[in-house]
Amino acid sequence: MKNAEISGLFSEMADIMEILGEDVFRINSYRRVARVIGDMPADVEEMLSTGKLSQTPGIGKSSLAKIEEFVKTGKMTAHQELLRKIPQTLLELLKIPGMGPKGVKAVYERLKVKSIAELKKVIENGKLASLPGFAEKKAALIAKGIAFLETSTGRIRVDQAFEAANIVIGFFKVLPGVRKIRMAGSLRRCTETIGDVDILVEAGDGKKVIDAFVGADFVQQILAAGDTKGSAIIETSTIPVHVDVRVVPAKSFGAALQYFTGSKQHNVQLREMAVKAKLKLNEYGLFRGEQMAAGGTEEQIYEKLGLDYIEPILREDRGEIEAAIKHKLPELVCLRDINGDFHMHTAASDGACEIEEMVEAARNRGYKFICITDHSASSAIANGLSPRRLVKHIERIRRVASRFKDIAVFAGAEVDILADGKLDYDNKLLAELDFAIGSIHSGMTSPREKVTMRTLKAMDNPYLHCIGHPTGRLIGEREPMDLDIAAVIKHAAETQTALEINASPYRLDLKDVHVKMAIESGVKLVIGTDSHNVMQLAYMGFGVAAAGRGWATKDDVLNTLPLAKLKSWLAAKRKK
Ligand code: DGT
Ligand code: CA
Ligand code: CA
Ligand code: ZN
């Protein structure tokens, strides 16, 4: 179907004409054509050939001729002529959330801005904010819109997605008529990046809920608003986020939640199973003929398909369905199992808080232990500790630790793995520590052999307990090192070195599929939040989800050990 393409051409023509300040009447009629064709369920080409298109309200003679030209030749002369009247780069500006044709016209005419790069300049030098209609707040909004566009893949970090979801959920919680609210999509599955946020609402009057949603003050741009579905770009503290809201009735809520949680591949497998059992599965329910077999809850759906309930974080078509048939799904590690955190920084290196503050915050989370792991000397930009400073720091940690009876505070360090694979502190000093993480923070673009050799060699040091953020990736910012992950896992098993799941939403490193490989080789995992302030201790949830996505059970994760057992593991590691 060419509907979307043709609709797009008309709306682009309307945009260009608006930027050029052309006739409002024609602009509106083009917008109308775009909308009519975009919403049309039938194939526009077929409508044209049967003559029905000429009778469709909103499609005038001249529009009809343009559509006919496009269908026949693949070109639309009017569109091409309009394109020639403006700099090509101007159209990019329209993609910025918060920037419409009027805004583009204003910055083009009055500030000579022709591209995103030029727009960024006038935001920085304050010229945009001095333009009528572009007060400080609006300029800031557009800056966020640009940041949104520039997040390389258009996908956002999971913490950003959760913030957006919580804004919308908070709104629905107090909206009359809303009975149930759930996250769905990739956010519910806790994938490492999120395309858009999906929220499901149970309510009687869908239109009322959608109208309220798109009218909310956090909405920056409405993308669609129907009777049961609304899409909008909403404002958060970092970037604009695309949120889809769907309203469903109680009897289909479970089916819709299952369907819109995905993943698509998981759903395809489930649907095939249903077909084989002479059933039909869709977002309204599980049906045998006309009869509904399940739909109210997800549990019913999995049960009627002959499957054990599959946790959302496992729904990736990675063997979970076979395991559910055979009752062999793992009992996943969960946040309640976590007794402590292995990775955090204090003001001694590049953290924002004092040791005491970190301990208090961890205690409030109900932890039984934490490891203070500041940077070592060669991480100079992170204010890494020289051997002499580390000695003092260890003393300070021990003093603080002695004041807390109900939580153990271990003196640790995040020690740089140097270019030759040696550690940044000598073994005598490492022996003073309760816990040592080895991390690569430099030379990450070196060839595969080099970065792999450094990691393997570090594991040969008996004083090292764990490899921190093993691949070094920064989501959306830096590619992982070209590490031979299979070799690293094999050697971790041989040396009984733990591998970290760095829970920071910027890292999530190891990632889910590598977690699964590690577990299958019998490697133990350490979840560390890499907190640089007390708030970030909450990243633990992301780390636990990454572990679960890699099928980790309680036994695979050292954070779940009772204190006595953890102490013996830490000591035993050094005797190997
Ligand atoms: P994202 O937003 O790219 O991070 O990933 P998802 O998984 O949230 O994808 P999204 O938002 O496009 O759709 C939400 C869920 O809806 C998806 O996980 C499964 C379901 N879904 C969407 N389109 C289809 C489809 O064509 N077939 C099936 N079986 N399910 C679909
Ligand atoms: Ca989504
Ligand atoms: Ca979506
Ligand atoms: Zn680090």
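Residues numbered from 1 in each chain as written. Chains lettered and ligands numbered in written order. Predicted model: local features only at pLDDT ≥ 70, side-chain atom pairs only at ≥ 80, totals over all residues. Heavy atoms only, no water.

K.L.:
Would you mind going over the pattern of salt bridges with me for this structure?
P.N.:
Oppositely charged side chains can form a pair if their charged atoms are brought close together. Taken as a whole and judged by the stated rule, the model has 31 salt bridges. Put simply, Arg31 and Glu18 hold a salt bridge, and the shortest N to O gap is 2.7 Å. One end of the pair, Arg31, is in helix α2 (residues 24–39); the other, Glu18, is in helix α1 (residues 3–20), with 13 residues separating them in the sequence. Residue classification places Arg31 among the partly exposed residues on the basis of a relative accessible area of 25%. Using a relative accessible area of 16% as the deciding quantity, one classes Glu18 as buried. In this structure, the salt-bridge partner of Arg363 is Glu360, at a minimum N-O distance of 3.3 Å. Note that Arg363 and Glu360 are positioned in helix α17 (residues 355–364) at a spacing of three residues, about one turn of the helix. Residue classification places Arg363 among the partly exposed residues on the basis of a relative accessible area of 32%. Taking relative accessible area as the criterion, Glu360 reaches 35% and is therefore assigned partly exposed. In this structure, a network of salt bridges that share partners links the residues Arg189, Glu316, Arg318, Asp512 and Arg549. (Salt bridge = Lys/Arg side-chain N within 4 Å of Asp/Glu carboxyl O. Helix = DSSP H or I, 4+ residues; strand = E, 2+ residues; numbered from the N terminus. Buried < 20%, exposed > 50% of the residue type's maximum accessible area, 1.4 Å probe, protein only.)

K.L.:
Could you clarify how one ought to interpret empty space enclosed by the protein in this entry?
P.N.:
One way to see where empty space is left: roll a probe the size of a water molecule over the atoms. A complete count under the given rule lists one cavity of 30 Å³ or more for this structure. Approximately 100 Å³ is the volume attributed to the largest cavity. Along its surface, the largest cavity is lined by 13 residues, and Cys190, Glu192, Leu508, Ala546 and Arg549 are the ones closest to its centre. Partitioned by chemical class, the residues of the lining of the largest cavity number seven nonpolar, one polar and five charged. There are two domains that each give the lining of the largest cavity at least three residues, and those are domain 2 (156–248) and domain 4 (335–573). (1 Å grid on protein atoms, 1.4 Å probe; cavity = no way out; pocket = protein on both sides within 12 Å on 5 of 7 lines; lining within 4 Å. Points joined across faces, edges and corners; volume = space filled by probe spheres on them. Nonpolar A, V, L, I, M, F, W, Y, C, P; charged D, E, K, R; others polar. Domains from an automatic or database assignment.)

K.L.:
I tried to follow the coordination of the calcium ion (ligand 2) on my own but got confused; where do I start?
P.N.:
Working reference: metal with six octahedral donors, ideal angles 90 or 180 degrees; metal with four tetrahedral donors, ideal angle 109.5 degrees. Surrounding the calcium ion (ligand 2) are the protein donor atoms Asp196 (O), Asp196 (OD) and Asp198 (OD), at 2.2 to 2.5 Å. Bound by six donor atoms, the calcium ion (ligand 2) shows angles of 69 to 167° at the metal and therefore irregular coordination geometry. In this model, the calcium ion (ligand 2) sits 3.6 Å from the calcium ion (ligand 3), the two metals being bridged by Asp196. The exposure class assigned to Asp198 is buried, which follows from its relative accessible area of 10%. (Donors = N, O, S within 2.8 Å, 3.2 Å for Na, K, Ca; no water. Tetrahedral: all angles 85-135°; square planar, octahedral: opposite > 155°, others 65-115°.)

K.L.:
I would appreciate a short explanation of the side chain of Glu320 in the present structure.
P.N.:
Residue placement: Glu320 occurs in helix α16 (residues 320–325). No salt bridge forms around the buried Glu320; measuring N to O, its nearest opposite-charge neighbour Arg318 is 7.0 Å away. A polar atom in the side chain of Glu320 sits 2.6 Å from the backbone nitrogen of Arg318. Excluding anything up to four places from it in sequence, Glu320 contacts His266, Ile310, Leu314, Arg315, Leu329 and Trp551. (Lys, Arg positive; Asp, Glu negative; His and termini not counted. Polar contact = N/O pair within 3.5 Å; in protein donor to acceptor, adjacent residues only side chain to side chain. Contact = heavy atoms within 4.5 Å.)

K.L.:
Hey, could you run me through the site of ligand 1 in this one?
P.N.:
Close to ligand 1 lie 16 residues; Arg155, Ser186, Arg189, Gly195 and Asp196 are nearest. Here an oxygen atom of ligand 1 sits 3.0 Å away from a polar atom, N or O, in the side chain of Arg189. One nitrogen or oxygen atom from the side chain of Asp198 is found 3.0 Å from an oxygen atom belonging to ligand 1. Counting only elements with at least two residues in the shell around ligand 1, the list comes to α11 (185–189), α13 (253–261) and α14 (264–276). The residue inventory of the shell around ligand 1, partitioned by class, reads three nonpolar, seven polar and six charged. (Near = heavy atom within 4 Å.)

K.L.:
What is the right way to look at unusual backbone geometry in this model?
P.N.:
Note: most residues except glycine have negative phi, and most peptide bonds are trans. Put simply, Gly262 and Ser263 share a cis peptide bond, and its omega is -5°. Within the element layout of this structure, Ser263 appears in the loop between α13 and α14. Between Asp509 and Leu510 the backbone carries a cis peptide bond, its omega angle lying at 5°. With respect to the helices, strands and loops of the structure, Leu510 is situated in the loop between β16 (498–502) and α22 (512–520). We note that Lys112 has phi near 60°; this positive angle belongs to a residue other than glycine. Following the sequence through the fold, Lys112 ends up in the loop between α7 (101–111) and α8 (116–124).

K.L.:
Mind showing me how you'd approach the pairing of strand β5 (residues 219–225) here?
P.N.:
Consecutive residues of a regular strand have side chains that alternate between opposite faces of the sheet. Pairing analysis gives five bridges linking β5 to strand β6 (residues 229–234), with the strands arranged antiparallel. If you follow Gln221 over to β6, its bridge partner there is Ile233. Where β5 folds back onto β6 in an antiparallel hairpin, the turn is made up of three residues. (Pairing = 2+ DSSP bridges.)

K.L.:
When you look at the domain arrangement of the protein chain in this model, what are you seeing that I'm missing?
P.N.:
A common way to express how large an interface is: the accessible area buried when the components associate. Taken domain by domain, the protein chain consists of domain 1 (3–151), domain 2 (156–248), domain 3 (253–325) and domain 4 (335–573). The distance between the C-alpha centroids of domain 2 and domain 3 comes to 24 Å. Each partner contributes to the interface: domain 2 provides 15 residues, whereas domain 3 provides 13 residues. Note on domain 2 versus domain 3: buried area summed over both sides is about 1,100 Å², and carbon and sulfur give 66% of it. When the buried surface of domain 2 facing domain 3 is broken down by residue, Arg188, Arg189 and Leu200 rank first, second and third, together holding 56% of it. Linking domain 2 with domain 3 are two salt bridges, by the criterion used here. Put simply, domain 2 and domain 3 have five residue pairs in polar contact (both at pLDDT 80 or more) between them. Counting residues per element, the ones that place at least two in the side of domain 2 that touches domain 3 are β2 (178–184), α11, β4 (197–203) and β7 (241–248). A per-class count over the side of domain 2 that touches domain 3 returns six nonpolar, three polar and six charged. (Buried area = accessible area lost by both parts, 1.4 Å probe.)

K.L.:
I tried to follow the nonpolar core on my own but got confused; where do I start?
P.N.:
Side chains of a nonpolar character, in soluble globular proteins, are inclined to be buried together. Counting residues in each nonpolar core, the largest one holds 122 residues, and the members touching the most others are Phe172, Ile199, Phe213 and Val243. Top contributing element to this core by residue count: helix α10 (residues 158–173), with eight residues. If we ignore the near neighbours within four places in the chain, the residues touching Val243 are Ala164, Val168, Val197, Ile199, Phe213, Gly230, Ser231, Ala232 and Ile234. (Core = buried A, V, L, I, M, F, W, Y, C linked by side-chain atoms within 4.5 Å.)

K.L.:
Can you help me understand the packing of helix α21 (residues 485–495) against α22 in this one?
P.N.:
A pair of packed helices is captured by two measures, namely the crossing angle of their axes and the spacing between those axes. Closest axis-to-axis distance for the α21/α22 pair is 9 Å, and the angle between their directions is 35°. Note that α21 runs across α22; the crossing there is right-handed. Here α21 contributes Ile485, Ala486 and Ile489 to the contact with α22, which in turn contributes His514, Met517 and Ala518. Considering only residue class, the contact of α21 with α22 consists of five nonpolar, one polar and no charged. (Axes fitted to C-alpha atoms, helices over the stretch in contact; angles between N-to-C directions. Left-handed = near helix turned anticlockwise from the far one by under 90°.)

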